[in-house]
Each structure stands twice: as C-alpha cells, then as structure tokens.
Amino acid sequence: MKKFIFGLFLVSIFLMSIFSAVFAAEEINVIYMAQAAYQPNEIRDMADLFEELSGIKVNLEFVKYDEQHEKVVASAVAPIPTYDVFSLDLIWTAEFASKGFCEELDDYMSPMVKDDIAPAIMDAFVFDGKTWAMPFLANFQLFFYNLDMIKKAGFDGPPKTLEEMVVQMEAMKEKGIVKFPWTDSWNQKEGLTCEYVWLTGAFGGDTFDEMGKPIFNTGPGLKALEFMVSLLDKGLASQKSLTNDEPAAKDDFIAGNAAFTSNWTFQYGLMNDPSVSKVAGAGKMGLLPVAEETLGMYPYDTSSVSGFQGAAILANSKNKDAAWKYIRFITSPIVQRAYLTEMPVWNSVQNSAYAKTMDPVIEVKAKEIASVHHRPKVPPYPEVSSILQRYIHMALSKKMEPKEALDKAKEEIEAVMGM
Amino acid sequence: MFLKGKIRKTISRIILYFLVIFIILWTLAPFTWLFLSGIFPHQELLSDRATNWFPKNPTLKNYSSMFNMKSHIGQRFVFAFRNSLIISGSVTIICLLFGTMAAYALARLKFPFKNNIVMSLISIRMIPTVALVIPFFVIIRSFDYLFIQINSQFHLYDTKLNLVILYVTFILGFVIWIMRGFFLTIPHELEEAARIDGCSRVQALIKIILPLSAPGLVATGIFTFLLAWDEFVLALVFTKTTNSITVPVFITSLGSQYIHAFDQIAASGFIASLPPIILALVFQKFLIKGLTAGSTKG
Amino acid sequence: MAINRKELSSNRLAWVMMSPSILIILAVVIGPLVFAFYLSFYKAEPVIGGIATKFVGWGNYIYYFLQDPLFWSSVRITVYFTFISLILELILGIGFALVLNKSFIGRGFVRSIILLPWALPTVVNARMWEWIYAGSSFGALNGLMKVLRIFPPDYDKVWLGFEVPLRNIPLIGQFMEWVGATTALNMIIFADTWKVTPLVTLLVLAALQTIPDSYYEAAGIDGAGAWKQFWGITFPLLRPVLLVVLVLRTMELFRVFDIIYILMQYSIRVVGVYTFETGMKFLRFGRGSALSFFVGLFILLIALLYVKLLYSEETY
C-alpha cells in the first residue's frame with residue numbers, strides 16, 4: 001500500500017511538472033517606441049537573453065512615438081489585451097493612471113530599487129501617490145554649442161546666461177559667421193511644449209503650479225514665449241525652426257548652419273560622428289543657460305526638460321508577473337551599464353567609477369538631469385499640450401501677440417480641465 | 001496667305017511638342033528622383049542638392065537590403081510585400097465577383113428600392129475611415145475574446161483575413177456603382193437575343209455581358225487593387241506582426257524618431273510602387289476604354 | 001427553343017445576386033456605424049477593458065456647431081483644399097488630355113507613362129514630396145531653384161512652412177488668412193494633384209476620343225479658332241465625364257487624411273485629421289463620432305447635389 005501511494009505521489013509530481021512546463025511556456029507581448037535610446041536590435045538582444053534565461057517568449061513590436069499612444073489605448077480598451085508591456089512616455093502617466101490602464105507597480109518594486117533611483121526621476125511616474133511605471137530611459141535636453149564659431153566671434157567660451165547667448169549670437173550674425181545662430185524644434189508637435197517648459201524654467205518658474213493649475217500666462221511662462229519670439233524677430237532664429245522637429249534641428253546643427261541649440265541626448269553621438277557631422281570636434285555639449293535674473297535659484301544654474309520613458313504593464317494583461325520580470329531585467333543596473341550611451345536611471349551606476357570612465361560627460365548630464373522641469377501632470381494632457389502648441393506656434397508665426405496667445409490658451413485649457 | 005497658314009501650323013506643332021516634353025518631365029521627374037534617392041548611401045543623403053543630384057558613390061545597398069531576409073528590415077519588407085499582394089489580390093477577386101453580381105441585379109432586374117440601394121452603397125464611402133476605427137477595433141477584439149473563450153485558436157486581429165474583410169466592405173459599394181454603369185451601356189437587345197435562343201439570365205450574363213464589359217472589369221479590378229494596396233489607416237490600427245503588416249505600414253515605420261531614413265524610404269517606396277505600375281502598364285489599353293464607358297452613364 | 005427554362009423571378013434572382021454583397025456590407029459596416037452613431041450622443045471615454053459613457057444627447061453636435069473654435073476653421077480649410085485641388089486637377093487633366101488627343105511622335109509612350117503617378121501608393125507619394133520639399137540645402141526643390149538661378153546659392157525656402165501665401169495682395173491675402181491657407185498646404189495640394197491628375201486625364205481623354213473629328217473640321221471651315229472650338233464643341237460634350245470626376249474627387253478630397261497626417265501630423269486640421277485627433281489622441285470617442293457624422297452629412301449633401309446635376313445630364 002505504501003509503495004502504491006508513494007508511486008502515485010511520484011507520478012503526480014511528474015505529471016505536475018510536465019503540466020507546469022507546458023504552462024511555463026509563457027509569452028509576453030511588448031510594444032516599444034523606436035525613438036531615441038535603444039535601437040531595435042539592442043532591444044532584441046536583451047529580449048533574446050531574457051527568453052533564454054527565463055523561458056518566457058518575448059514578442060516585440062516597434063512603432064514610432066506618434067503611434068505608440070494610440071496603439072496602447074486601443075489595447076487597453078479591448079477585452080483581451082494586445083500587449084503586456086509598453087514603453088510609457090512620462091507625459092502619459094497622469095492620463096493612463098486616471099483611466100486605470102496601467103498596473104500599479106509599488107508592490108513589485110523592492111525598497112532597494114526605490115532607493116537607488118533619484119526622486120526627480122521616480123517622481124515623473126508617480127500619480128495620485130502611486131507608481132505606475134518603472135523608470136527606463138532618462139532622456140532630457142542639453143545645450144549644444146559650436147565652440148569654433150564662438151571663438152571666431154571673439155568670445156572665450158559658452159554663454160552662462162540667455163542674455164549672454166544673445167550677445168554672442170548677435171556678434172556671430174554681424175560678423176557673417178552664421179546666418180541663423182539659433183535653431184530648435186519649434187514645429188507644432190509635442191517638442192514645442194518641451195522647449196517651452198525648459199525655457200519657462202530658465203526664467204524661474206513652471207507652466208502649471210503644484211495644484212495642477214495653469215499659470216503660464218504670466219511671469220516666467222510669458223517671458224519664455226517673449227524670448228522665443230524675440231529670437232525670431234532679431235533674425236537670430238530662422239523661420240525654418242517653425243517647421244523643425246528634433247532630427248531637423250540636429251541636422252541644422254551638425255551641418256554647421258547653427259551655433260546653438262537645445263536638444264535631447266541623442267544629438268551628442270551624432271554630433272561627434274565625422275561620417276555624418278560637419279562639426280565633429282567643434283560641437284560641444286553643456287548646461288542650458290538660464291536668464292540672468294534666475295542665477296542662484298537653482299543648484300546648477302541650469303534648466304532642462306524631462307523626456308523620461310518608463311516601462312509599464314497594461315492592467316488587463318494576463319501575464320503580469322512575467323511582464324514584471326521582463327521589465328526588471330531590461331531596466332536593471334547591469335543592463336544599463338552595458339548601454340551607457342543612455343543616461344542610467346540608477347544612482348549607483350551614475351556615480352560609479354566605471355560610468356565616469358566610459359562616459360566622460362556623465363557629470364554634466366547628472367547636473368542637467370537634476371535640474372529638469374516636468375511638463376504638466378494632468379489627466380487630459382494630450383489636449384492641454386495640443387492647445388499650448390497651437391497658441392505658442394501662433395505667437396511664433398506672428399499671428400498673435402504672446403500675451404494674448406497665452407491668455408487664450410489658458411482659457412481653453414481651463415475649459416478642458418473643467419475648471 | 002499660304003505661308004501664314006504654314007507658319008501657324010509650325011508654331012502650333014512646336015508648342016505641342018513643348019507641352020509633350022513638359023508632360024513627360026512632369027510625370028517622370030519625381031519618380032526619377034525617388035529612384036535616385038534610393039541609391040544614395042546614407043552619409044551622402046544630406047549633401048547640398050544644387051551640386052549633388054547624383055551620388056558620388058551610388059549604391060544598390062538600400063534596394064538589396066529590402067530583400068535580404070537575414071536583416072530585420074529585409075524580413076519585414078518581404079513579408080509586408082507578400083501580405084499586401086495577397087490582401088490586394090483577394091480583395092480584388094472578391095469585389096469583382098460579388099460586385100458584378102450585385103451590379104447586374106441593379107442594372108437589369110426590376111425590384112423595389114433600387115435607387116435607394118445604389119445611393120446607400122456609395123454613401124458608405126462618405127464616412128471618414130477614421131471614424132469607424134475605434135468601433136471596429138472594439139468589435140473585433142470582442143470577437144477575439146469570444147473565440148478565446150470557446151477555446152478556438154482562431155482570431156481576427158493581426159491577420160490578413162481581417163484586413164481583407166474590412167477592405168472588401170469599403171470598396172464593394174464603389175465596384176458595384178461602376179460596374180452597374182458599364183452594364184447600363186450594353187444594349188438590352190443583345191441579351192434578349194441570347195435569351196430567345198434559350199439562355200437563362202445567368203447564362204446570358206456570363207456569355208454575353210461579361211465579355212463585352214471586360215474592359216470595365218479590368219479597369220475596376222485595377223482600381224480596386226490600387227485602393228487596397230494604398231490603404232493606410234485601417235492597416236495601421238489592425239496590424240502588428242509580419243503576419244499582417246502591409247507595405248504602407250512598413251514604409252511609415254522606417255527610420256526612427258531621430259533619423260529620417262529617406263534612402264530606405266525611397267528604395268522601399270520605389271519597389272512598393274512597382275506592382276500597381278506594372279498592372280497599370282499592362283492593362284492600360286483596357287483602362288481607357290473601361291473607365292469611360294462606365295462613367296458616362298453614371 | 002422557347003423561354004421555358006424555369007428560372008427565378010426577377011425579384012428573387014435580384015436578391016440572390018445581391019445578397020453576398022449586402023450581407024458583407026451589413027455585417028461589417030452597419031454594426032460599427034450604428035455603434036459610432038450611438039456613441040455620438042454620449043460623452044465616451046476609454047477605460048480599461050471598455051468604454052465609459054455618459055449621456056449628453058445632442059450636446060456633442062451642438063458643441064461643434066456653436067462652441068468649438070476649431071470646427072469651422074477646419075471646415076473652411078477642408079473646403080479650400082477640396083476646391084483648389086479640384087480646379088488644378090481639372091485644368092491640368094483636361095489640358096493633358098487635349099495634348100494627348102493630338103497625334104505626335106511617341107504618343108503611345110506618353111500615354112503609357114501618364115498613369116505612373118496614380119499608381120504610386122499615397123504613403124510613398126507623401127514621403128517622396130516631403131523629401132523633395134525639405135527646407136534645407138538637401139531638398140530637391142531648393143536645389144532645382146538654385147540650378148535655375150531662381151534662388152541665390154545660399155537661400156533655402158522652407159516649403160512646408162506656415163506663412164500665409166500671397167498675404168500682401170489685398171483681397172486675396174485676407175481670404176487666405178480667413179481660410180487658414182498656408183504655404184505648406186498649397187505645396188501639399190500640388191503633391192496630391194500630381195498623383196491624382198492621371199485619373200482625370202484618362203477619363204477626359206477617353207471622352208475626347210468619342211468626339212468625331214468632323215465636328216472640328218466643320219467648325220474650322222466656319223472660321224472658328226481653337227479657343228472657340230474648345231468652348232463650343234469640346235467642353236459641352238465633356239460635361240458628363242467632368243461631372244463624374246467632380247463627384248468622385250470631391251468625395252475623396254473632403255475625406256483627405258493620409259497625405260496631410262503623414263506630412264504635417266496635426267498641424268493642418270482638415271476635418272479628417274481633426275476627427276482622428278479628437279477620437280484617437282484626445283480619446284473623446286463621443287465627440288469624435290459626432291464629428292464624423294457631421295462630416296458624413298456634409299459629403300452626403302454635396303454628393304446629392306452632384307447626383308441631381310448628373311442625372312439631369314443623362315440626356316447626353
């Protein structure tokens with residue numbers, strides 16, 4: 001009898017292990033924005049290793065930034081999810097969290113994880129007191145300047161304030177060194193809101209207050225827009241900026257058609273690549289200047305805007321644990337050390353000797369990332385941003401005065417937010 | 001007097017040839033530029049156009065990489081190309097089959113509400129496709145949910161079948177409308193003669209009417225193929241993997257947010273335009289005859 | 001040999017022949033259409049696993065008709081796009097057809113290649129023109145202007161830019177501003193026209209073939225010049241075809257989305273783009289549906305107008 005029971009026991013274990021092996025062939029679907037940062041083949045490498053180690057099959061899909069939002073929404077609305085993991089732009093945190101699209105991640109994250117990430121970065125993905133995505137990519141804007149042109153214009157080094165920059169630009173234009181010293185991505189897309197946010201920060205404020213109410217039509221917000229318009233008026237920025245997206249602005253700079261620009265981290269590599277860049281060696285990266293009146297307000301006298309991406313789990317996913325394992329893997333410090341072209345989100349990696357050796361400019365980046373301003377964290381963000389873009393662009397195209405444009409934008413935004 | 005007439009004639013001939021050359025340039029210039037852009041190596045892409053119309057180091061790499069099954073791009077392109085061919089082909093066959101039958105009924109047979117049906121068929125095309133995207137998506141995903149509940153492997157999202165169904169629905173009304181026009185131009189007498197000889201209506205349709213409207217069929221077929229080959233919005237929303245992506249979706253996905261890959265876009269774009277062009281060139285004789293006969297009778 | 005084969009009555013046969021088509025259309029489109037129509041009376045938003053709705057009755061429609069700042073400017077710019085495109089397509093199409101109707105060396109060749117632009121997929125067309133219109137020195141159009149010495153060597157025009165064209169000309173400039181026209185939109189009109197003109201050319205050419213030469217000879221003997229011949233003979237006989245072109249093209253142009261979205265994303269808000277933005281980006285499904293039905297209604301009215309004109313021409 002004992003033998004029989006024991007035999008039965010063994011057989012059941014055997015069957016159960018086969019059973020679970022069958023079920024262990026889990027699968028997750030990942031949708032990733034092929035934008036800055038990791039290129040598709042790098043993501044694929046990570047996924048291949050993860051598959052090998054965990055036995056969980058990973059299906060990857062890459063889309064452009066513009067399409068990611070729509071695809072995630074479509075997946076969330078349907079009864080069965082199309083995706084389990086998706087890369088989340090921080091500006092969607094409030095929107096998705098308030099609609100319940102993302103899974104809350106606080107329970108998955110260990111205290112060690114939470115301690116090793118700077119509050120500024122973690123905070124981008126917090127809404128209503130809960131964390132909705134795991135920080136994945138720390139993208140932010142930096143200052144790029146052409147040192148050769150600066151020297152030719154008779155100056156020693158990059159400007160520390162916006163006013164100083166204007167002086168340098170006017171000298172360059174006068175001496176015929178470059179026709180339009182300033183270039184940027186001011187076309188009517190999300191990039192315009194980003195530019196506006198760091199400039200508002202440079203004048204000492206934010207676009208929305210802590211309560212989530214719009215305050216951009218007075219003070220720093222107004223000064224920022226007036227500054228942008230003045231650059232166009234003085235001929236320091238070309239009309240082309242109004243149609244530039246970030247790659248186009250980068251192209252302007254690396255073709256030698258501009259002396260100053262603000263852009264995301266991706267420009268650094270391309271700027272120094274002699275096969276595509278005409279300014280390799282002359283182009284440098286530094287901290288974005290602030291207005292004179294703002295000096296001393298911030299620890300590093302600089303302002304930037306955050307473009308962080310997180311990895312999130314769709315709330316209607318059936319494979320949440322597998323999804324979290326994948327996320328924990330691709331965001332881990334070990335992986336981030338291997339790809340130091342991207343700014344690591346972990347303090348331990350940022351401060352490591354290894355990182356400092358591999359990326360000599362990491363200290364500049366660390367200062368800049370500590371000075372980022374976020375875009376407004378409100379649920380109807382896509383609409384709010386669209387309204388801002390429209391009116392800012394109208395002011396830049398001289399169809400409206402800055403003050404009037406911002407006032408009208410505030411009105412429409414308040415209507416949308418139900419105030 | 002005589003000389004004046006001759007001079008006038010010569011001048012008008014010169015103007016004519018001038019216009020002909022204009023038409024040729026107008027039509028071919030952008031195409032040639034498209035092809036040339038495809039043979040630029042990536043580094044030379046951003047060179048000054050005033051002096052660089054032709055690359056210093058032309059390369060066929062962009063074109064060949066589209067078919068290189070070992071590279072990711074090559075894989076996706078070949079699959080997208082295949083999918084598009086299958087989808088467009090199926091849509092064309094189905095639409096011609098069902099559409100012709102319905103068009104015949106509307107052109108020849110008597111029954112109530114005929115005109116209303118015709119109007120409703122074309123009205124389908126008046127709603128912007130974007131409007132129906134979310135309802136479609138929710139409905140299709142709900143179906144898939146049902147399929148999974150009853151343990152079926154079958155699903156609709158991310159399949160070619162899904163796109164075929166959607167495209168047929170949108171294009172069918174159009175096909176019916178045009179084919180009906182063709183049928184209306186064919187004199188009743190021919191059919192009457194056949195029926196007196198003992199043919200049924202259906203036989204008359206197959207033996208007499210169809211051959212006569214062959215140009216119309218060809219024209220409508222090409223038009224349908226083009227509409228399906230071209231379609232972008234629905235494909236974008238309903239495709240995911242190489243199982244179902246179509247060429248327009250592939251081309252839109254080229255490059256990244258930070259790199260404008262015009263060389264790749266040009267190469268794949270040029271190749272993508274070949275099937276419709278080949279079809280159009282092969283059938284262009286029929287095309288002219290076909291389009292006009294159908295249209296003048298609305 | 002009499003007609004004594006048993007066959008279905010006219011009615012029955014008709015329904016048998018039409019049923020596959022009607023079934024497909026009903027099954028696939030009617031469901032979503034009705035659902036979308038239903039949604040248009042609600043404030044509808046996506047939530048996880050479904051859509052949350054709140055009844056607002058005619059609220060959405062009223063909003064667009066009376067309150068929304070963007071709706072009417074969107075309609076204006078769409079009408080501008082449609083109207084100008086139509087004019088260009090007609091002028092070029094008829095012009096090309098007239099040329100192709102004459103005999104000259106290489107006519108067969110030209111007639112074959114005339115179709116090429118039409119066969120190019122819209123996505124490819126959009127990207128190609130984006131590349132041609134690039135506002136830097138690597139843009140083909142800028143290069144061409146420099147080669148033709150129209151532009152100085154260091155001037156690059158931003159073709160897809162937002163300046164109001166012709167703004168200095170008194171009435172026209174104001175009209176352009178009111179309608180919301182920009183240089184970018186005009187260049188896109190050109191790009192779209194380039195692709196579509198072959199269709200018009202072919203239709204007109206085929207119609208021209210049916211006009212007997214004897215008409216023109218007779219007119220020539222009577223002393224009528226080319227211009228008079230065109231307006232007196234050609235144009236009247238082309239009217240049926242032209243009306244068909246008008247219907248077809250107006251419907252497609254009013255719904256335009258692909259080329260504008262690919263080139264300009266949301267910055268040129270024609271109704272197709274505006275609907276997409278409202279529904280898919282702002283996730284206002286109710287409003288998006290209402291907007292679409294509004295647009296559908298517009299197109300239906302225009303189509304009915306055309307059909308009335310078309311059927312009255314049936315006498316030709």
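Because the structure is a prediction, the values reported are computed rather than measured.

Participant: I'd like a description of the overall build of chain A, backed by residues and values.
Facilitator: From N to C terminus, chain A includes 19 helices and twelve strands. Rg of the C-alpha trace for chain A: 24 Å, near the compact-globule value of 22 Å for 419 residues, within the 12% margin. Principal-axis analysis of the C-alpha atoms places the extent of chain A at approximately 100 × 50 × 35 Å. Counting over 419 residues, chain A shows a buried share of 53%. Here the analysis covers contacts within chain A between residues at least 6 apart in sequence; of these, 73% occur between residues at least 24 apart.

Participant: Give a detailed account of the domain arrangement of chain C, specifying residues and quantitative values.
Facilitator: By the assigned domains, chain C splits into domain 1 (32-67) and domain 2 (68-275). Distance from the C-alpha centre of domain 1 of chain C to the C-alpha centre of domain 2 of chain C: 37 Å.

Participant: Which residues make up the confidence of the model for chain A, and what values do they have?
Facilitator: Per-chain confidence: chain A averages 87 in pLDDT, with 93% of residues scoring 70 or above. Contacts for the low-pLDDT stretch residues 16-24 of chain A, under 50 throughout, to residues beyond four places or in other chains number one contact.

Participant: So what's going on with the interface of chain C and chain A? Which residues, and what values?
Facilitator: Each side of the interface is counted separately: chain C has 19 residues, and chain A has 23 residues. Those elements that provide at least two residues to the side of chain C that touches chain A are strand 1 (42-47), strand 2 (50-55) and helix 13 (271-281) of chain C. Broken down by class, the residue content of the side of chain C that touches chain A amounts to eleven nonpolar, seven polar and one charged.

Participant: Talk me through the pairing of strand 1 of chain C; I want residue IDs and the actual numbers.
Facilitator: Residues and elements named next belong to chain C. Side chains Y42, A44 and P46 project from strand 1 onto a buried face, and the interleaved K43, E45 and V47 project onto a face without burial. Two elements, strand 1 and strand 2, share six bridges in a ladder whose sense is antiparallel. Paired with K43 across the strands is K54, a residue of strand 2. Taking the residues between adjacent antiparallel strands as the criterion, strand 1 and strand 2 are bridged by two residues, where G49 takes a positive phi near 80 degrees.

Participant: Could you give an account of the sheet that holds strand 8 (residues 260-264) of chain A, naming the residues involved and the relevant values?
Facilitator: All names here are of chain A. Strand order in the open sheet made by the three strands is 8-7-9, with antiparallel pairing throughout. Bordering the open sheet on either side are strand 8 and strand 9 (283-286), each of which pairs with just one other strand. On average, each strand axis in the sheet is tilted by 35 degrees relative to the strand beside it, whichever way the strands run.

Participant: Outline the interface of chain C and chain B, supporting the account with residue identities and numerical values.
Facilitator: Accessible area lost during the coming together of the parts is what is often quoted as the interface size. Listed per partner, the contact involves 80 residues of chain C and 81 residues of chain B. Looking at which element gives the most residues to the side of chain C that touches chain B, the answer is helix 1 (residues 10-39) of chain C, with 17 residues. Residues belonging to the side of chain C that touches chain B are distributed by class as follows: 56 nonpolar, 17 polar and seven charged.

Participant: Give me the lowdown on the sheet that holds strand 3 (residues 85-89) of chain A, citing residues and values where you can.
Facilitator: Residue and element names in this part refer to chain A. Read across the sheet, five strands follow the order 2-1-3-11-6 without closing on themselves; strand pairing throughout is mixed. Both outer strands of the open sheet, strand 2 (57-63) and strand 6 (134-137), are each paired with one neighbouring strand and no more. With direction set aside, neighbouring strand axes in the sheet form an average angle of 30 degrees. In the packing of helix 3 (residues 65-77) onto the sheet, contacts are made with strand 1 (27-33), strand 2 and strand 3, and the angle to strand 1 comes to roughly 140 degrees. This element, helix 13 (residues 320-330), spans strand 1, strand 2, strand 3, strand 6 and strand 11 (309-313) of the sheet and lies at about 160 degrees to strand 11.

Rules of the game
- Residues numbered from 1 in each chain as written.
- Chains lettered and ligands numbered in written order.
- Predicted model: local features only at pLDDT ≥ 70, side-chain atom pairs only at ≥ 80, totals over all residues.
- Helix = DSSP H or I, 4+ residues; strand = E, 2+ residues; numbered from the N terminus.
- Rg over C-alpha atoms; globule rule 2.2 N^0.38 Å.
- Buried ≥ 20, exposed ≤ 12 C-beta atoms within 10 Å, placed from the backbone.
- Contact = placed C-beta atoms within 7 Å.
- Domains from an automatic or database assignment.
- pLDDT = per-residue confidence, 0-100.
- Nonpolar A, V, L, I, M, F, W, Y, C, P; charged D, E, K, R; others polar.
- Pairing = 2+ DSSP bridges.
- Axes fitted to C-alpha atoms, helices over the stretch in contact; angles between N-to-C directions.

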